[in-house]
Structures are given as structure tokens and as C-alpha cells.
Amino acid sequence: MTPLRQVRAGVLDIGYHESGPADGPPVVLMHGFPYDIHAYAEVAPLLAAKGCRVIVPFMRGYGTTRFLDAATPRSGQQGAFGADLLALLDALAIPSAVLAGYDWGGRACCIVAALWPERCAGLVSLNSYNIQDIAASAKPAAPENEQRYWYQYYFHGERGRAGLAQDRRALCGLLWKLWSPTWAFDPPTFARSAAAFDNPDFVDVVIHSYRHRYALVPGDPAYDGIERRLAVQPPILVPAITFDGADDGVMAIGGTAAHARHFTGPHQHRVVPGAGHNLPQEKPQAFADAVFELVTPSPT
């Protein structure tokens, strides 16, 4: 995933990898927590070989992405993720792109697809409708699902912040194993992505993300307007393909097929056997094929 480029977009200087022809149909691939752009190390070449302009950015708090102003809150709220992706499209002068992602990155893609559908030519999202319902966050889930979210509750306290800051590699490596129990990744694969967690804003952004989604801390006022629009759980109108990994260790038991009610445009839901939470890195061909199904070729 080299060389890397940098672009000023909104409140960030975003690091990203780009491949494929500059005039190809644009595709933006968004990673999640705790992963990085190398989740798409195999997906990106597959799409570039088909003529797509492929852009893979580090999200806020990862890799070479930096805040432009020290005074900007290190927010990890969902509104910030959507705003960052929209700002990236603006900075790169991309009117519309196929947006694909999972976890935090899938949330950013879902937000842009829901609130700015004219900027999203198609959506690929792991775990389907990834927009948080913060107003309902205090409602308990089934116990077998609650235990999967232990790390989120850990981050609610200062002990969790200290644990993440003290040994982020060990903690994140554990999450990789728990969330993708059938993926036999090796230490170099994890180390390649773990370098992105050395970003100076990583801990602050992660902790804020897992506290804000439960309404435990306020958000950045700059995103109040976006958060109000997301609170009504807006539908997604654009063509969408959603995934579940059959072995996803953090997904709610039973999967996300029931999210279909949120997709009012063309929508397919697929379950991938042998895949966990990091689906594009575990099953790159399946993910790339879905993205390309939504790509509109550039006029010749």
C-alpha cells in the first residue's frame, strides 16, 4: 500500500493510498477499528486491474492522518466519520464514488450514502446498516451479544483508556483473534497494520468513539447538525450490497439480514462462509467482486 499521498480535507490532513487509472470510476475503501489501509492490500489491486481509481484512506486517529489544528476535538463520533469522508471526496474533486467499508469505515460510507446520496454511486457495507441509534443505546441486548461488546464497556472507564494506551498492540491483536476466529493471520500481517495505531490521536479518538455512541460524553458541536439527521435513522436509497461474515465474532448473533428495512433502493445481502469481521482482508475476492458490481464504467 505504497506510496502514500496526503491531502488536506476538512479538519484533517489525510494519508491515503491511490492506485488504478486517474480517470477510472472512483472507489473509496474505508477500514475499521482496529485495522488500517492494509485490510485492502489485495482488494485494491483487484479493482485497479479492472480500471477503477481506488482510494484507501487512513481514518482519523490512524497512520499518517493528522488533525490540522491542535484545538480540534479528537472526536470519534459517527458524524465526524461521515464528515471526514465527504471532505475527502471534496478535496479529491470526486463528485460521486462507490463507497465500501466495514466497522468504522462502513459507518462512514453508510452515513454519506444516507445523507448525501448524490455522492455515493453504490454502497458495500459489512454488517449492513451501520448507523448508530444513540438514543436507543441504553437498551440492553441479549446477554450472548452483550458479552461480545466487553471491549466497549472496558473503554467506558479510565482503566480501559489506560489499558489501550499501555499496550495497544496486545489489546488490538486480541480483538483480531476474537473477531475473526477462522482467519489464520500471521504476526507480520498484524504488525503491518498495528503500526497505524502509533498515531498520536489513536487513543483519544478510540475512547471518544466508544463513549459517544452510548451518550456518555458530548460530541464535537461541529457535527451537531449531522448527528440530528442521523438520529432519525435515515434510509439508504443508493444501490447497496451488504455482507455478514459467517464467523464474525463481534456481529450480533443471527446476523444483520433484518437491516433490510433500512435499504429502500436496490439491495442484496450476502453471508460469506469462513469469514470474520475483517472481511476484505479475509475474503478479498468476494469483497472486490461486490464493489465492482456497483461500479459504473467511465464513458469511452
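Our structure is the block above this text.
Conventions used here
- Residues numbered from 1 in each chain as written.
- Predicted model: local features only at pLDDT ≥ 70, side-chain atom pairs only at ≥ 80, totals over all residues.
- Heavy atoms only, no water.
- Buried < 20%, exposed > 50% of the residue type's maximum accessible area, 1.4 Å probe, protein only.
- Helix = DSSP H or I, 4+ residues; strand = E, 2+ residues; numbered from the N terminus.
- Pairing = 2+ DSSP bridges.
- 1 Å grid on protein atoms, 1.4 Å probe; cavity = no way out; pocket = protein on both sides within 12 Å on 5 of 7 lines; lining within 4 Å.
- Points joined across faces, edges and corners; volume = space filled by probe spheres on them.
- Nonpolar A, V, L, I, M, F, W, Y, C, P; charged D, E, K, R; others polar.
- Right-handed = clockwise from strand over helix to strand, strands pointing away.
- Polar contact = N/O pair within 3.5 Å; in protein donor to acceptor, adjacent residues only side chain to side chain.
- Contact = heavy atoms within 4.5 Å.
- Salt bridge = Lys/Arg side-chain N within 4 Å of Asp/Glu carboxyl O.
- Axes fitted to C-alpha atoms, helices over the stretch in contact; angles between N-to-C directions.
- Parallel < 35°, antiparallel > 145°, perpendicular 65-115°, else oblique.
- Left-handed = near helix turned anticlockwise from the far one by under 90°.

1. Some thoughts on the pairing of strand 2 (residues 12-19)
Along strand 2, 7 of the 8 residues are buried, which leaves the element largely enclosed by surrounding structure. One ladder, built from 6 bridges, connects strand 1 (residues 4-9) with strand 2; its direction is antiparallel. Looking across to strand 2, one finds that Q6 is bridged to G15. Two successive antiparallel strands, strand 1 and strand 2, enclose a turn made up of 2 residues, where G10 displays a positive phi of approximately 65 degrees. Where strand 2 lies against strand 5 (residues 66-67), 2 bridges are found, and the strand directions are antiparallel.

2. A look at the layout of surface pockets
In this model, the largest pocket occupies a volume close to 1,200 Å³. Surrounding the largest pocket, 36 residues form its lining, Q132, D133, Y149, A252 and H259 being those nearest its centre. Those elements that place two or more of their residues in the lining of the largest pocket are helix 3 (103-115), helix 4 (143-146) and helix 5 (150-155). For the lining of the largest pocket, the per-class residue count stands at 17 nonpolar, 12 polar and 7 charged.

3. A look at the pairing of strand 6 (residues 97-101)
Among the 5 residues in strand 6, 5 count as buried, and that is most of the element. Side chains of strand 6 alternate between two faces, with A97, L99 and G101 and V98 and A100 buried alike. Both strand 3 (residues 26-30) and strand 6 contribute to a ladder of 4 bridges, which runs parallel. If you follow V28 over to strand 6, its bridge partner there is L99. The pairing of strand 6 with strand 7 (residues 120-126) spans 5 bridges and is classified as parallel. Each bridged residue has a counterpart across the sheet, and for A97 the counterpart in strand 7 is C120. Between the parallel pair strand 6 and strand 7, the chain is carried across by helix 3, and the sense of this crossover is right-handed.

4. Brief notes about the side chain of T65
Residue placement: T65 occurs in the loop between strand 4 (53-57) and strand 5. Its relative accessible area of 1% is what places T65 among the buried residues. A polar atom in the side chain of T65 sits 2.8 Å from the backbone oxygen of F58. Among all residues touching T65, those that are not within four sequence positions of it are L12, D13, I14, G15, F58, M59, R60 and N199.

5. Some details on the pattern of salt bridges
Under the defined criterion, the tally for this structure stands at 10 salt bridges. D201 is the salt-bridge partner of R74, the closest N and O atoms lying 3.0 Å from each other. Here R74, found in the loop between strand 5 and helix 2 (78-91), pairs with D201, found in the loop between helix 8 (187-194) and helix 9 (202-212); they are 127 residues apart in sequence, far enough to count as distant. Each member of the pair, R74 as well as D201, carries the same accessibility label: buried. Put simply, E158 and R211 hold a salt bridge, and the shortest N to O gap is 2.9 Å. Here R211 lies in helix 9 and E158 lies in helix 6 (residues 158-166), a separation of 53 residues in the sequence. What emerges from the salt-bridge pattern is a single network uniting E158, R161, D204 and R211.

6. Regarding the packing of helix 7 (residues 168-179) against helix 8
A pair of packed helices is captured by two measures, namely the crossing angle of their axes and the spacing between those axes. Helix 8 packs onto helix 7 with a crossing angle of 120 degrees between their chain directions and a minimal axis gap of 11 Å. Between helix 7 and helix 8, the crossing angle belongs to the class labelled oblique. Handedness of the helix 7/helix 8 crossing: right-handed. Across from R169, C172, G173 and W176 in helix 7, the residues of helix 8 making contact are T189, F190, S193 and A194.

The quantities given are spatial measurements derived from coordinates; they are silent on function.
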